[in-house]
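Commentary on secondary and tertiary structure
As a plain string of letters, each chain reads:
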Amino acid sequence: MDDSLTSVTLSNGLHMPSVGLGTWQSPKDELKVAVRAALDDGYRHIDTAYSYLNEDAIGEVLQEYIKSGKVKREDLFIVTKLAMIHMEPALVKRSIEMSLKKLQLDYVDLYLIHFPVQFAYEGDDEKVFPVTEAGGWKAAEKTDLIGTWKAMEELVDLGLTKSLGLSNCSISQVERICKISKHKPVSNQVECHIYLPQNELFDACKKLGLAVTAYAPFGSPGRFEQLREIDAPVVLEDPVITKIAKRYSKSPAHILLRNLLQRGIIVIPKSVTPHRIRSNIQVFDFSLTKEEMEDIAGIKTKRRLFAAVGLMFPNHPERPW
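These notes cover the structure that comes with them. Every chain is numbered on its own, with residues counted from 1 as its sequence reads. Restriction of local features to residues with pLDDT of at least 70 applies here, the model being predicted, together with a cutoff of 80 or more for giving and counting side-chain atom pairs; totals for whole chains, interfaces and linings are based on all residues. Here the side-chain values reflect all heavy atoms present in the structure, with hydrogen atoms and water set aside.

1. Looking at the overall build of the chain
Each helix is a run of H or I in the DSSP string that is no shorter than four residues. Each strand is a run of E no shorter than two, and both are numbered from the N terminus. Of the regular secondary structure elements, the chain holds 11 helices and 10 strands. The C-alpha radius of gyration of the chain comes to 19 Å, within 12% of the 20 Å expected for a compact globule of 321 residues. Dimensions of the chain, computed from the C-alpha atoms along their principal axes, are close to 55 × 50 × 35 Å. Working definition: with a 1.4 Å probe on protein chains only, accessible area under 20% of the residue-type maximum means buried, over 50% means exposed, and in between means partly exposed. Counting the 321 residues in the chain, one finds 56% classified as buried. In what follows, residue pairs with any heavy atoms lying within 4.5 Å of each other are defined as contacts. Across the chain, every contact between residues at least 6 apart in sequence was considered, and the portion connecting residues at least 24 apart equals 75%. Using a 1.4 Å probe, the Shrake-Rupley method yields the accessible areas, and only the shown protein chains count as cover for residues. On the chain, roughly 14,000 Å² of surface is accessible, and the fraction owed to carbon and sulfur atoms is 52%. Positive charges are assigned to Lys and Arg, negative charges to Asp and Glu, while His and the chain termini are left out of the count. Note that the charge is assigned to NZ on lysines, CZ on arginines, CG on aspartates and CD on glutamates. One way to put it: in the chain the 41 positive side-chain charges average out to a point 2 Å from where the 42 negative ones average out. Using C-alpha atoms as the atom set, the radius of gyration is obtained and then compared with a globule rule of 2.2 Å times the number of residues to the power 0.38.

See the structure below:
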């Protein structure tokens, strides 16, 4: 096992396991099976969000494993995210408290701004994706990203989270927050895969002391319909990747994850299938050569597969892409 890549040391000194379980779009019953499988297979990093509406299922399994002595709380690295409907500074503390109650935890290890555009809060804490008449997601009248961040900083002081970070934020947004922060963001979680390698963002984050976490490392083949484009390339079928996979008798998924890990990027592949969950963490028994890394970097296809999210907010000042 290549121990040097199994975790990333964050700027505040915490060690974040470099492979975590992604849980977006996971139905609760399937998710409980998935979290049990992940913990049994050695995962200690679980990534969720208030807006996934599944924190309670994760919390149930975490408590089961902590109480039985199968895992210790201090060995886990739990990430959740502020709901976009709760970005109003006055709602931030209540939002993390709701997340912690569902997760059955006293604190999380990392708390993220989920998306830099504040969504309209209509008084219903379950209506996490309010929609416009046109069918897109409904932004609030204003977004105060700096105000939201300052409210989140208080959560560190209160011991409700050990670290703060960002998700889906552009270079300029990361720079703005770093400039005013008392508790600096330790990471930025973004779409990242062979067709969106995020080289410029990665370099900017590294310079500012932020780790990068890749969501959709396989191109999110299960993303929901409104985010799909008919001509979207399939990451798992890329010929460069499949050729390298055959060479190592590995799956394309292994090559995609290993490539990101060797670039210094944390990965959170999403699955609810126990054998895939087990397979996704078996990426520390081989290394890609310098030439193979260069071949992957040279892939010509470039595509943001979550482009439709940005298009829902065409004129918003905080639209990240």
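That was the structure; now back to the text.
2. Remarks on the pattern of salt bridges
By salt bridge we mean one thing: a side-chain nitrogen of Lys or Arg within 4 Å of a carboxyl oxygen of Asp or Glu. Counted according to the given criterion, the structure contains 15 salt bridges. Among the salt bridges present, the one from E318 reaches R176, with a minimum N-O distance of 2.7 Å. Taken together, the positions of E318 in the segment after helix 11 (307-311) and R176 in helix 5 (residues 171-180) put the pair 142 residues apart, joining distant regions of the chain. Of the charged contacts, one joins R247 and E292 as a salt bridge, the two residues approaching to 2.7 Å between their closest N and O atoms. Pair noted here: R247 is in helix 7 (residues 239-248) and E292 is in helix 10 (residues 290-297), with a separation of 45 residues, a long-range link. Look at R247 and you get partly exposed, because its relative accessible area is 47%.

3. Thoughts on the pairing of strand 5 (residues 77-82)
Within strand 5, 6 of the 6 residues are buried, leaving the element largely enclosed by the surrounding structure. Whether two strands pair depends on DSSP finding at least two bridges between them. Looking at chain direction, strand 4 (residues 45-47) and strand 5 are connected through 3 bridges and run parallel. What sits directly across from I46, in strand 5, is I78. In this region the chain leaves strand 4, passes through helix 2 (residues 55-67) and returns to the parallel neighbour strand 5; the handedness of that crossover is right-handed. Both strand 5 and strand 6 (residues 110-113) contribute to a ladder of 4 bridges, which runs parallel. Bridge pairing in strand 6 places L82 opposite I113. The crossover handedness rule: strands pointing away from the viewer, path from first strand over the helix to second strand clockwise, crossover right-handed.

4. A few points about the layout of surface pockets
Using a probe with the size of a water molecule, rolled over the atoms, empty space left in the structure can be pinpointed. A pocket here means an open set of points on a 1 Å grid, computed over the protein atoms alone, that has protein on both sides within 12 Å along at least five of seven lines. A cavity is instead a set of points where a 1.4 Å probe fits but cannot get out; residues with an atom within 4 Å of a point line either one. Grid points are joined across faces, edges and corners, and a volume is the space filled by probe spheres set on the points. Considered as a void within the structure, the second largest pocket measures approximately 180 Å³ in volume. Looking at the second largest pocket, it is lined by 11 residues, and the ones nearest its centre are T6, P17, G42, I281 and F284. Residues are sorted three ways: Asp, Glu, Lys and Arg are charged, Ala, Val, Leu, Ile, Met, Phe, Trp, Tyr, Cys and Pro are nonpolar, and all the rest, Gly among them, are polar. Across the lining of the second largest pocket, the residue classes break down as 6 nonpolar, 4 polar and 1 charged.

5. Quick notes on the environment of E153
Mapped onto the elements of the fold, E153 is located in helix 4 (residues 145-157). Taking the relative accessible area as the measure of exposure, E153 reaches 5% and is therefore buried. Counting along the chain gives 50 residues from E153 to D203, while the straight-line C-alpha distance between them is 25 Å. E153 has contacts with L164, S181, K182 and H183, leaving out every residue within four places of it along the chain. One polar contact links the side chain of E153 to the main-chain amide nitrogen of H183, over a distance of 2.8 Å. Between N or O atoms, a polar contact is any pair within 3.5 Å; within protein, one atom must be a potential hydrogen donor and the other a potential acceptor, and residues adjacent in sequence are included only when both atoms are from side chains.

6. A closer look at the packing of helix 2 against helix 3 (residues 89-103)
The relative placement of two packed helices is expressed as an angle between their axes plus a distance between the axes. Remark: helix 2 packs on helix 3, axes separated minimally by 6 Å, with the N-to-C direction vectors making an angle of 45 degrees. As the angle between them shows, helix 2 and helix 3 are arranged oblique. In this structure, helix 2 contributes E55, D56, I58, G59 and L62 to the contact, and helix 3 contributes S99, K102 and L103. For the contact of helix 2 with helix 3, the per-class residue count stands at 3 nonpolar, 2 polar and 3 charged. To obtain an axis, a line is fitted to C-alpha atoms, over the contacting stretch when the element is a helix, and the angle between two such axes runs from 0 to 180 degrees between their N-to-C directions. Angles are sorted into four bins: roughly parallel if under 35 degrees, roughly antiparallel if over 145, roughly perpendicular if 65 to 115, and oblique for all others.

7. Quick notes on helix 1 (residues 28-40)
To estimate how far a helix should reach, multiply one less than its number of residues by 1.5 Å. In this model, helix 1 (13 residues) spans 18 Å end to end at C-alpha, consistent with the 18 Å of a helix rising 1.5 Å per residue. Considered for burial, the residues of helix 1 that qualify are L31, K32, A34, V35, A37, A38 and L39. Of the surrounding secondary structure, the elements contacted by the buried residues of helix 1 are strand 3 (21-22), strand 4, helix 2 and helix 9 (274-280). Just beyond helix 1, the residue with positive phi is G42, at close to 100 degrees.

8. A closer look at helix 7
Those residues of helix 7 not exposed but buried are I241, I244 and A245. The buried residues of helix 7 occupy an angular sector of 105 degrees when the element is viewed end-on, so they sit on one face. Exposed residues lying more than 90 degrees from the buried face of helix 7 are P239, K243 and K246. Buried positions along helix 7 lie against helix 8 (252-262) and helix 10. Two to three positions downstream of the cap, the backbone nitrogen of V240 sits 2.9 Å from a side-chain oxygen, assigning the N-cap of helix 7 to D238. Count one or two residues on from helix 7 and you reach S249, which has phi positive near 55 degrees. Of all possible arcs, the one meant is that of the directions from the helix axis to the C-beta atoms.

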